[in-house]
Amino acid sequence: GDSVTQMEGPVTLSEEAFLTINCTYTATGYPSLFWYVQYPGEGLQLLLKATKADDKGSNKGFEATYRKETTSFHLEKGSVQVSDSAVYFCALSSQGAQKLVFGQGTRLTINP
Amino acid sequence: GAGVSQSPSNKVTEKGKDVELRCDPISGHTALYWYRQRLGQGLEFLIYFQGNSAPDKSGLPSDRFSAERTGESVSTLTIQRTQQEDSAVYLCASSRGTINEQFFGPGTRLTVL
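Residues numbered from 1 in each chain as written. Chains lettered and ligands numbered in written order. Predicted model: local features only at pLDDT ≥ 70, side-chain atom pairs only at ≥ 80, totals over all residues. Heavy atoms only, no water.

### Let's talk about the environment of A2 of chain B
Rule in force here: Secondary structure elements are taken from DSSP: a helix is a run of H or I of four residues or more, a strand is a run of E of two residues or more, and numbering for both begins at the N terminus.
With respect to the helices and strands, the residue A2 of chain B is situated in the segment before β1 (5-7). The spatial distance from the C-alpha of A2 of chain B to the C-alpha of L39 of chain B is 28 Å, given a sequence separation of 37 residues.

Below is the structure:
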């Protein structure tokens, strides 16, 4: 079945560091790919998405590129801030399916 | 506008009791989803509604779990004879259509003692 594997956390960085959170997937066909974020005390919200190969999703300085050849959708940000501290979830939605399949989440802590 | 709301926000119950969790989707959203998030894990899909029918119930863990939806509105997830392994945060999401962004509620934290 479909699955998502993401980098285990927790990840701790200093402010202004470069961030990469790895995400790889297994799915048939051409899934849509997502990054969701859960800030402390808040609900899960969509950060960015990409719906076809080579698409780049971006939002709030974060980027992720849909790489079909490596079945990856790694999340990157050039300079993180304390306010980026949150749990990040990679997810996919297969063609013809409505449900989201999530990775286990990566807790990110940014220290000032 | 109002987002997805869920109630209660927290529920503590004793093993063997039944619980009902409620989800109010965003107005106009035809699709509704239930997920479960166990401690330290990702979200597991439980069930999906399109209108008031449930084309995909594949994630319901056992026959103790059931869900219903009234029209394109409120949904309730019922867990009968709760077990300790049912302890989790239960999240509801809604979307305008089946291929659109899912908007999540704040969740109901269920603790079974």
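### A look at the interface of chain B and chain A
Note: interface size is frequently given as the accessible area lost on complex formation between the parts. Filter applied, for reference: Any two residues whose heavy atoms approach within 4.5 Å are treated as being in contact. Summed over both partners, the accessible area lost on bringing two parts together, with a 1.4 Å probe, is the buried area. Any N or O atom pair separated by 3.5 Å or less is treated as a polar contact, with the protein-specific requirement of one donor-capable and one acceptor-capable atom, and with residues adjacent in sequence counted only for side-chain atom pairs. Amino acids outside the nonpolar list (Ala, Val, Leu, Ile, Met, Phe, Trp, Tyr, Cys, Pro) and the charged list (Asp, Glu, Lys, Arg) are all regarded as polar, and Gly is one of them.
Each side of the interface is counted separately: chain B has 16 residues, and chain A has 12 residues. With both chains or domains summed, chain B and chain A bury close to 1,200 Å², and 59% of this area falls on carbon and sulfur atoms. On the chain B side of the interface with chain A, the three residues burying the most area are L43, E101 and F104 of chain B, jointly 37% of the side's total. On inspection of chain B and its partner chain A, the count reaches 3 residue pairs in polar contact (both at pLDDT 80 or more). Those elements that place two or more of their residues in the side of chain B that touches chain A are β4 (31-37) and β5 (43-50) of chain B. When grouped by side-chain class, the residues that make up the side of chain B that touches chain A number 6 nonpolar, 8 polar and 2 charged.

### Let's talk about the confidence of the model for chain B
Let me state the cut-off plainly: In predicted models, pLDDT denotes the confidence assigned by the predictor to each residue on a 0 to 100 scale.
This prediction gives chain B a mean pLDDT of 92; 97% of its residues lie at or above 70. For chain B, the element scoring lowest by mean pLDDT is strand β6 (residues 53-56) of chain B, at 91; strand β8 (residues 75-79) of chain B scores highest, at 98.

### Quick word on the nonpolar core
Heads up, the condition is: Only buried residues count toward a nonpolar core. Its members are Ala, Val, Leu, Ile, Met, Phe, Trp, Tyr and Cys residues joined through side-chain atoms within 4.5 Å. Relative accessible area decides the class of each residue, using a 1.4 Å probe on protein chains only: under 20% of the type maximum gives buried, over 50% gives exposed, and in between gives partly exposed.
Grouped together as the largest cluster of nonpolar side chains are 26 residues, with contacts concentrated most on W35, L47, L48, F73, L75 and Y88 of chain A. Counting residues per element, the ones that place at least two in this core are β3 (19-21), β4 (23-26), β5 (32-38), β6 (44-50), β8 (62-65), β10 (86-93) and β12 (106-111) of chain A.

### Overview of the sheet that holds strand β7 (residues 56-59) of chain A
Residues and elements named next belong to chain A. Cut-off, in case you're wondering: Strands are treated as partners if at least two bridges between them are detected by DSSP. The convention used is that axes are lines fitted to C-alpha atoms, helices contributing only their stretch in contact, and that angles between N-to-C directions extend from 0 to 180 degrees.
In space, the 4 strands of this open sheet follow the order β3-β9-β8-β7, with antiparallel pairing throughout. What marks the edges here is a single partner per strand, and that holds for β3 and β7. Mean inter-strand twist for the sheet, computed between neighbouring axes without regard to direction, equals 20°.

### Considerations on unusual backbone geometry
A negative phi holds for most residues other than glycine; trans holds for most peptide bonds. Across the junction of G9 of chain A and P10 of chain A, the peptide omega takes the value -5°, indicating a cis bond. With respect to the helices, strands and loops of the structure, P10 of chain A is situated in the loop between β1 (3-6) and β2 (11-14). With an omega of -10°, the peptide bond between S7 of chain B and P8 of chain B qualifies as cis. With respect to the helices and strands, the residue P8 of chain B is situated in the loop between β1 and β2 (10-13).

### Considerations on the pairing of β5 of chain A
All names here are of chain A. Judged by how many residues are buried, β5 sits mostly within the fold: 7 of 7 residues are covered. Neither face of β5 is open: one carries S32, F34, Y36 and Q38, the other L33, W35 and V37, and all of them are buried. Two elements, β5 and β10, share 7 bridges in a ladder whose sense is antiparallel. Each residue of the ladder has a partner; that of Q38, found in β10, is V87. Of the pairings in the sheet, the one linking β5 to β6 comprises 6 bridges and is antiparallel in character. The partner of L33 across the bridge, within β6, is A50. Linking two consecutive strands that pair antiparallel, namely β5 and β6, is a turn of 5 residues; a positive phi of about 75° is found at G41 within it.

### A short note on the state of the cysteines
Residues and elements named next belong to chain B. Definition in use: By convention in this document, the label disulfide applies to cysteine sulfur atom pairs within 2.5 Å.
Per the stated rule, a full pass over the model turns up 2 disulfides over all chains. At a sulfur-sulfur separation of 1.8 Å, the disulfide partner of C23 is C92. Because the sign of the S-S torsion sets the handedness, a value of about -65° for the bond joining C23 and C92 places this disulfide among the left-handed ones. Of the two residues, C23 is situated in strand β3 (residues 19-24) and C92 in strand β9 (residues 88-95); the sequence distance between them amounts to 69 residues. Each of the two residues, C23 as well as C92, counts as buried.

### Observations regarding the pattern of salt bridges
What counts, and what does not: Any Lys or Arg side-chain nitrogen located within 4 Å of an Asp or Glu carboxyl oxygen qualifies as a salt bridge.
For the structure on display, the rule yields 6 salt bridges over all chains. A salt bridge links E63 of chain A to K56 of chain A, with the shortest nitrogen-to-oxygen separation between them at 3.6 Å. For E63 of chain A, a relative accessible area of 34% translates into the label partly exposed. Where R64 of chain B meets D86 of chain B, a salt bridge forms, and the shortest distance between an N and an O atom there is 2.8 Å. Placement of the pair is R64 of chain B in the loop between β6 and β7 (65-69) and D86 of chain B in the loop between β8 and β9, with a sequence separation of 22 residues. Of the two residues examined, R64 of chain B and D86 of chain B, each falls in the buried class.

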